[in-house]
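# Structural overview
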Amino acid sequence: CLPANQERFADGKLVTVQFHPSAQVVMTAGHDRSVSLFQVKNFNLRYVDGIRNPRIQSIYLESFPIYKACFSVDGEQVIATGTHHKMFFVYDMMSGSIIPIQKVRGVEERFLRNFEVSPDGSFMLLTGTSGYLHLLSMKTKELISTMKVNGRCTASAFTPDSSKIYSYSKEGEVFIWDVRSRKCLHKFEDEGSLEGKCIAVSKNNQYVACGSASGVVNLYTTDVCLKENHPKPVKAIMNLVTSATCVTFNPTTEILAVASRETDEAVKLV
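What you see is a predicted model, and the numbers here were worked out from it, not measured in a lab. (Residues numbered from 1 in each chain as written. Predicted model: local features only at pLDDT ≥ 70, side-chain atom pairs only at ≥ 80, totals over all residues. Heavy atoms only, no water.)

### Focus on the overall build of the chain
Threshold: In this text, helices come from DSSP runs of H or I with a minimum length of four residues, and strands from runs of E with a minimum of two, each type numbered from the N-terminal end. As defined in this context, the radius of gyration uses C-alpha atoms, and a globule is described by 2.2 Å times the residue total to the power 0.38. To sort residues, take the accessible area from a 1.4 Å probe on protein chains only and compare it with the maximum for the residue type: under 20% means buried, over 50% means exposed, and anything in between is partly exposed.
If you tally the helices and strands in the chain, you get one helix and 23 strands. Relative to the 2.2 N^0.38 estimate, which gives 18 Å for 270 residues, the radius of gyration of the chain is 19 Å and therefore close to what a compact globule would have. C-alpha atoms of the chain, sized along the principal axes, occupy 50 × 45 × 30 Å. Burial status across the chain gives 48% buried among its 270 residues.

### Observations regarding the environment of E62
Relative to the assigned elements, E62 resides in the loop between β4 (55-60) and β5 (66-71). In this structure the C-alpha to C-alpha distance between E62 and G211, which are 149 residues apart in sequence, comes to 34 Å.

### Some words on the sheet that holds strand β9 (residues 115-117)
Quick reminder of the rule: Two strands form a pair only when DSSP identifies at least two bridges running between them. Axis definition: a line fitted to C-alpha atoms, limited for helices to the stretch in contact. Angles are taken between N-to-C directions and run from 0 to 180 degrees.
Strand order in the open sheet formed by four strands is β9-β10-β11-β12, and the pairing between neighbours is antiparallel. With partners counted over all chains shown, the strands left at the sheet margins are β9 and β12 (143-148), one partner each. Each strand axis lies, on average, 20 degrees off the axis of its neighbour in the sheet, ignoring direction. Taken together, the three bridges between β9 and strand β10 (residues 123-127) define a ladder with antiparallel strand orientation. Note that in β10 the partner of F115 across the bridge is L126.

### Considerations on the packing of aromatic side chains
For the record, the criterion: Note on aromatic contacts: the rings of Phe and Tyr and the six-membered ring of Trp form a pair at centre separations within 6.5 Å, being stacked when their planes are under 30 degrees apart, edge-to-face when over 60 apart, and tilted otherwise.
Under the criterion given, the structure shown has three aromatic pairs. Summarising the aromatic geometry, the rings of F175 and W177 are spaced 6.4 Å apart at their centres and angled 20 degrees between planes, so their arrangement reads as stacked. The residues F175 and W177 share a single accessibility class, namely buried. Between F188 and Y220 the ring centres are 5.5 Å apart and the planes differ by 65 degrees, which places this aromatic pair in the edge-to-face class.

### Details of unusual backbone geometry
Peptide bonds are trans in most cases, and residues, glycine excluded, mostly fall at negative phi. Not every positive phi belongs to a glycine, and S63 is a case in point at roughly 55 degrees. Structurally, the position occupied by S63 is in the loop between β4 and β5. For S162, which is not glycine, the phi dihedral falls at a positive 65 degrees. Structurally, S162 can be placed in the loop between β13 (153-158) and β14 (164-169).

### Focus on the nonpolar core
What counts, and what does not: Nonpolar cores were defined as sets of buried Ala, Val, Leu, Ile, Met, Phe, Trp, Tyr and Cys residues, with membership established by side-chain atoms within 4.5 Å. In this description, contact between two residues means that some pair of their heavy atoms is separated by no more than 4.5 Å.
Residues M27, V35, I66, A69 and V78 are the most contacted members of the largest nonpolar core, which totals 16 residues. Taken together, the elements giving at least two residues each to this core come down to β2 (25-30), β3 (34-39), β5, β6 (77-82) and β7 (88-92). Aside from chain neighbours lying at most four places away, what touches V78 is M27, V35, A69, C70, F71, F89, V90, Y91 and M93.

### Some details on the side chain of E109
Worth spelling out the cut-off: Neither His nor the chain termini are counted; the positive set is Lys and Arg, and the negative set is Asp and Glu. Just to be clear on terms, a salt bridge is a Lys or Arg side-chain nitrogen sitting within 4 Å of an Asp or Glu carboxyl oxygen. Each polar contact in these results corresponds to two N or O atoms within 3.5 Å; when the atoms are within protein, one needs to be able to donate a hydrogen and the other to accept it, and residues that are neighboring in sequence are counted only if both atoms are side-chain atoms.
Looking at the element boundaries, E109 is found in the loop between β8 (97-101) and β9. The side chain of E109 sits in the buried core without any salt bridge; R110 is the nearest counter-charge, 9.5 Å away. Side chain to side chain, E109 and H134 meet in a polar contact 2.9 Å long. Filtering out sequence-adjacent residues up to four positions away, E109 remains in contact with K86, G128, T129, Y132 and H134.

### A look at the sheet that holds strand β1 (residues 14-19)
Reading across from one edge, β1-β2-β3-β4 is the order of the four strands in this open sheet, with antiparallel pairing throughout. Each edge of the open sheet is held by one strand with a lone partner, namely β1 and β4. Along the sheet, successive strands turn relative to each other by an average axial angle of 15 degrees, direction set aside. Looking at chain direction, β1 and β2 are connected through five bridges and run antiparallel. Looking at the pairing, L14 lines up with G30 of β2.

### Description of the pattern of salt bridges
Oppositely charged side chains are able to pair whenever their charged atoms sit close together. Scanning the entire structure with this criterion turns up six salt bridges. When the shortest N-O distance is used, the salt bridge between D32 and R8 registers 3.4 Å. Of the two residues, D32 sits in the loop between β2 and β3 while R8 sits in the segment before β1, which places them 24 residues apart along the sequence. Here E108 and K103 are joined by a salt bridge, their closest N and O atoms 3.3 Å apart.

### Regarding the environment of K148
Looking at where K148 falls in the secondary structure, it is placed in strand β12. Since its relative accessible area comes to 40%, K148 is described here as partly exposed. On a C-alpha basis, the gap between K148 and I176 in space is 11 Å, while along the polypeptide they are 28 residues apart. Residues contacting K148, with those up to four places away along its chain left out, are S130, G131, Y132 and W177. From its side chain, K148 meets the backbone oxygen of S130 in a polar contact 3.1 Å long.

Distances and angles like these do not, on their own, reveal function.
Set out below in structure tokens:
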């Protein structure tokens, strides 16, 4: 297939590529301060239409190199954070308007970069500095509560039912939070982790994958994570030689993708 974004290649590094949750659309966003949407036609063996992936729209955010962009669960909004900004943008795809969220009351952060959207579409979790996690209402973008891990939080993931949050610290500890009460239910140490980098929970809630700076990705069962302080991984994946910066499960929990952005072609499917 030809490049999905061939009608508008980015001028800088791409940081996000994401398919729309329901439409045949792919989004790209990156350091050239733009978010672009492209139509991607159906592919099948008899008729492959990858010749033209028409660009639907591009939005430009002045002086705002994008750190991360993400569709809302209903696909009606795109949320984008910047590399060195305390504000973020919401692009409303229904009205075509770009809404700057200049400041979230109660959130005192120099930069807002990393965030997660809950699978049920109710919450947005902002990763702050000094271990702070800010839980926002997805509807109003207002602060609901703030939680804090020991050390510095590097990655977080919601469980598929949006009832819990797994937060991975730079020190290699994983904290499990109850979303409703915002209380810490349990914490455990990721075996052998010198620095936590990324975390994912499988769609069937059976596994948790933790990727560290050494490139090792540990795979745990969730029931062990909720009970033990020093759980044993069911598998330690050693295929990456540079820092594991991304882990994600496929929808049927049959494949785990592990990747490192620190070297070319460092993507492994387990």
